[in-house]
Amino acid sequence: MVEVIKIVYVTDWMIGDYNLADQDPFINVIQGFNAELEIRNDFPEYFDEIDLLILHPMQMSNEIFETISRSKIQNPAIKTIVISSAHGSDLFLQAIDVGVDKYLLKPLLPSAVQKVVERLLSQSLEAKGAKKAYRQINLMFGSISKTALVIRIAHNGMIAEVNTLLSALVGMAPSEMIGHYWLRFVEQRFWIYLRTLVRAHLQAGEIYRGIIEITGANNQTITVDSTIYAVLDSRGNIEEVVFIGHDVSEMKRAILESMKQLIDYDTSLAVLFDHRYEAIMVNRKFLEINGYQNFDALVESCDLWTWMMETEAGLQPIYSKKYSQKDGLEYIVKELKKGHINGRIISVDANNNKVYYTVHMSSMTNPLIQNEYYHILYFVDMSNFERLKEEKISDAKLMSVGRLAAAITHEINTPITYIKGNLELLKWECEGKIDQLESYFKPIDEGIERIESIVGSMYEFAGTGKEVMGMCSVDMTLIYGLRIVMNRAKHIAPIRLNGHLFTLRTKYDPKNCITMGIPTRLEQVWIIVINNALDEFEKGIIPYENRRLDVWLKCDGDEITITISDNAGGIPSEMLETLFDFAIAGEKKKSMGIGLNVAKAIIDKHGGSIRVSNDNDGAVFEISLKKYKEEK
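**A short note on the pattern of salt bridges**
Enumeration over the complete set of coordinates arrives at 21 salt bridges. Between Arg40 and Glu38 there is a salt bridge, and its shortest N-O distance comes to 2.9 Å. For Glu38, a relative accessible area of 28% translates into the label partly exposed. Between Arg189 and Glu187 there is a salt bridge, with the nearest N and O atoms lying 2.9 Å from each other. Given the relative accessible area of 27%, Arg189 is considered partly exposed. For Glu187, a relative accessible area of 14% translates into the label buried.

Here you go:
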């Protein structure tokens, strides 16, 4: 659009209806310009839209200077010309004082007036263009400031100006940022690159475009898509640097949300972390296993879990509790990269339960920031495999114990036979020769009988035959099982069977409470449960005479019920639901490495059920088996 120049020509040379050209020698020159021209014989009241004011009075007066002064106040950009024949230094000084741009003395050629007007009109056009450009720049800057993050940086790197949008995002007032070094508000890992950029690339007139991260007042990170360019002076030196950016944190959140959906469906435990080894998120499985509602609750927790690593010296803590979760992640990753974690990682919860994991790591590029990666640690639960391995080891131990027991019982039976035979001969030789013969030989007979009973139980428990389901007496399996634990129990707690004190002489009915099962396996169940009760008694301070360990056997209708109860203190309520889950046994000196999960597995195999509860300051185990029904 072409700018229109407005000229106002004030002259009092117009007299009556005379031809103006005859009266004013400059009127034709003024009319020859391509401008909006207004000729008048009085002074205008307003000067806002006037670009050039030309005054050609017949006589000079103070009113002329007052008019010029008023025009400059209303419109500082207005150009003024006074054409007069009045001479004198006072007039010139007064003209300069009010801001007259050109004072032309007559006599004067029209061509001289033409040149002066042309020059002033050219200056007016340039001023109008500059004013328009300045207005457009202000409009553009205002628009950018409302939609983008803007920083003006002086040549020394200090912030000269910052818009309110950026200061609000950072969480600081503009006055708190102005005068500070601009990299103070940029995440540290970008410093070296940006310093090099300012010194070299920007000075060469290049523009930087890329993602950087700005740090807020509360150490929150804002991801910004930035454009940085330098304003150079006439010598090519950096005068100031302009930073214009757009907040793309929502884009970053969308990327992380897609990653969360990716790891949430993974069946292993997954932790997503960044280049700083700070956990960004964990998957749903991780939260469920560790008992947290959300990631924020997990982060706020100071004591998550204890990580252990298998070494040649055994299980060793991966890191001390005084270190942060970030330290733990960094240590695991570095050890994994070095190849030091070749085995398993084990987590131990507050209840001392161990879970075995193998660890894998994958990395993916950060789509926003070049040469930066996100990492995911996958913890694959190997506990089922470990459980199976432990059970196989237990089975192997039991098999070895069984073979050993069979061999020992065979070896014991032979000398017992000699003793019994020779005792009968001794009785026969002494008969009638020694008074009260029966009182001497009765204790020996009882001892031999006890040895035969124990050997018989051991032989039965050894299970030398194949494990085939068949008809078996639950009563008999109870007696054999109790005989095995009797040697330990007599020093810890008395055992009562159906209300009567159990001894090695307690008899069983081989036809009582018949079920389909494997006798040795059922005996194993009774031994496991009773040994657990004895373990608890040993931990407590209950006097021997007040201890109670009762075993009840009932056959009602189609069901056989075995109840084993004690008063050793009971089971913690939080452990009741998971008591039969796989767990490593306690002290080896107090067990054979067999847990209650083995007992449950055996009962499940027999089509029965096992339940546990607390009652009368103790634990109650109730085992149900199906009663055998003879087919018609």
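**A look at the state of the cysteines**
Under the counting rule described, the total for this entry stands at one disulfide. Shown here is the disulfide that connects Cys513 with Cys555, its sulfur atoms set 1.7 Å apart. When the S-S torsion is 140°, as for the bridge of Cys513 with Cys555, the disulfide is right-handed. In this pair, Cys513 sits in the loop between β20 (500-501) and β21 (514-517) while Cys555 sits in strand β22 (residues 549-556), placing the two residues 42 residues apart along the sequence.

**Regarding the sheet that holds strand β8 (residues 208-215)**
The five strands are arranged β7-β6-β10-β9-β8 in an open sheet whose pairing can be described as antiparallel. Two strands bound the open sheet, and with one partner strand each, they are β7 (159-162) and β8. Averaged over all pairs of adjacent strands, the angle between their axes in this sheet comes to 30°, without regard to strand direction. The pairing of strand β9 (residues 221-232) with strand β10 (residues 238-247) spans nine bridges and is antiparallel. What sits directly across from Val224, in β10, is Asp247.

**Quick word on the sheet that holds strand β3 (residues 52-56)**
Read from one edge of the open sheet, five strands run β2-β1-β3-β4-β5, paired in parallel fashion. With partners counted over all chains shown, the strands left at the sheet margins are β2 (36-40) and β5 (102-105), one partner each. Strand-to-strand twist across the sheet, computed as the mean angle between neighbouring axes with direction ignored, equals 15°. Judged from the four bridges that link them, strand β4 (residues 79-84) and β5 form a sheet pairing that is parallel. Within β5, the residue paired with Val82 across the bridge is Tyr103.

**Digging into helix α17 (residues 596-605)**
Buried within α17 we find Leu596, Asn597, Val598, Ala599, Ile602 and Ile603. Following α17 by one or two positions, Gly607 has its phi on the positive side, about 75°.

**Structural notes on the nonpolar core**
With 46 residues, the main nonpolar core has Ile495, Trp526, Ile530, Ile562 and Phe621 as its most contacted residues. Going through the elements one at a time, α15 (474-489), β19 (495-497), α16 (519-539), β22, β23 (559-566), α17, β24 (609-614) and β25 (619-626) are the ones with two or more residues in this core. Considering each element in turn, this core owes the most residues, ten residues, to α16. For Ile495, the residues in contact, after removing those within four places along its chain, are Leu482, Val485, Ala489, His500, Leu501, Phe502, Ile530, Leu549 and Val551. Judged by nonpolar contacts, the second largest core, of 41 residues, contains Val162, Leu183, Phe190 and Val224.

**Looking at the confidence of the model for the protein chain**
Predicted confidence across the protein chain gives a mean pLDDT of 80, with 82% of residues reaching 70 or more. Counting interchain partners and residues more than four positions distant, the pLDDT-below-50 stretch residues 583-594 has 14 contacts.

**Notes on unusual backbone geometry**
Cis peptide bonds are those with omega within 30 degrees of zero, and the linkage from Lys106 to Pro107 qualifies with 10°. Positionally, Pro107 belongs in the loop between β5 and α5 (110-147). With phi around 65°, Asn219 is a residue other than glycine that occupies positive phi space. For Asn219, the position within the fold is in the loop between β8 and β9. Looking at Asn219, the relative accessible area reads 64%, which means it is exposed. Positive phi is not limited to glycine here, since Asp617 has a value of about 60°. Topologically, Asp617 is positioned in the loop between β24 and β25.

**Quick look at the packing of aromatic side chains**
Tallying each qualifying case throughout the model produces five aromatic pairs. Arranged with centres 6.1 Å apart and planes meeting at 80°, the rings of Tyr357 and Phe379 form a pair that is edge-to-face. Taken together, the residues span a long stretch of sequence, with Tyr357 in strand β16 (residues 354-365) and Phe379 in strand β17 (residues 373-381) at a distance of 22 residues. Phe379 matches Tyr357 in its accessibility class, with the two residues each being buried. The side chain of Arg284 reaches across the aromatic face of Tyr265, ending 5.8 Å from its centre.

**Concerning a nonpolar patch on the surface**
The grouping of Met469, Met471 and Met516 at the surface amounts to a nonpolar patch, some 280 Å² of accessible area in total. Examined against the element boundaries, Met516 turns out to sit in strand β21. According to the relative accessible area criterion, Met516 is partly exposed, its value standing at 36%.

**Brief notes about the environment of Ile30**
The topology assignment puts Ile30 in helix α2 (residues 27-31). A sequence separation of 21 residues divides Ile30 from Tyr9, and the C-alpha atoms of the two residues are 8.1 Å apart. In this structure Ile30 touches Ile7, Tyr9, Leu37, Ile54, Val113 and Val117, once residues within four positions along its chain are discounted.

**With respect to the packing of helix α3 (residues 62-74) against helix α4 (residues 89-98)**
It is at 9 Å that the axes of α3 and α4 come closest, and there the two elements cross at 20°. Looking at the two axes, α3 sits roughly parallel to α4. In this structure, α3 crosses over α4, and the sense of that crossing is right-handed. From α3, Asn62, Phe65, Ile68, Ser69 and Lys72 reach across to α4, where they touch Leu91, Gln94, Ala95 and Val98. Considering only residue class, the contact of α3 with α4 consists of five nonpolar, three polar and one charged.

**Things to note about α4**
What α4 keeps buried is the set Leu91, Ala95 and Val98. Along α4, the residues classed as buried sweep out an arc of 75° about the axis, all on the same side. Opposite the buried face of α4, by more than 90 degrees, sit the exposed residues Ser89, Asp90, Leu93, Ile96 and Asp97. Positive backbone phi, at 95°, marks Gly99, one or two positions downstream of α4.

**A word on the side chain of His375**
Mapped onto the fold, His375 is located in strand β17. Under the relative-accessibility criterion, His375 is labelled buried at 15%. In this structure the side chain of His375 is engaged in a polar contact, spanning 2.7 Å, whose partner is the side chain of Ser363. Among residues more than four places away in sequence, those in contact with His375 are Val271, Leu272, Phe273, Asp274, Ser362 and Ser363.

How each quantity is defined
- Residues numbered from 1 in each chain as written.
- Predicted model: local features only at pLDDT ≥ 70, side-chain atom pairs only at ≥ 80, totals over all residues.
- Heavy atoms only, no water.
- Salt bridge = Lys/Arg side-chain N within 4 Å of Asp/Glu carboxyl O.
- Buried < 20%, exposed > 50% of the residue type's maximum accessible area, 1.4 Å probe, protein only.
- Disulfide = S-S within 2.5 Å.
- Helix = DSSP H or I, 4+ residues; strand = E, 2+ residues; numbered from the N terminus.
- Pairing = 2+ DSSP bridges.
- Axes fitted to C-alpha atoms, helices over the stretch in contact; angles between N-to-C directions.
- Core = buried A, V, L, I, M, F, W, Y, C linked by side-chain atoms within 4.5 Å.
- Contact = heavy atoms within 4.5 Å.
- pLDDT = per-residue confidence, 0-100.
- Phe/Tyr/Trp six-rings, centres within 6.5 Å; stacked < 30°, edge-to-face > 60°.
- Lys NZ or Arg CZ within 6 Å of the ring centre and 35° of its normal.
- Patch = residues over 30% accessible without salt bridge, like charges linked within 9 Å, V, L, I, M, F, W, Y side chains within 5 Å.
- Areas by Shrake-Rupley, 256 points an atom, 1.4 Å probe, with all protein chains shown as cover.
- Parallel < 35°, antiparallel > 145°, perpendicular 65-115°, else oblique.
- Left-handed = near helix turned anticlockwise from the far one by under 90°.
- Nonpolar A, V, L, I, M, F, W, Y, C, P; charged D, E, K, R; others polar.
- Arc of directions from axis to C-beta.
- Polar contact = N/O pair within 3.5 Å; in protein donor to acceptor, adjacent residues only side chain to side chain.

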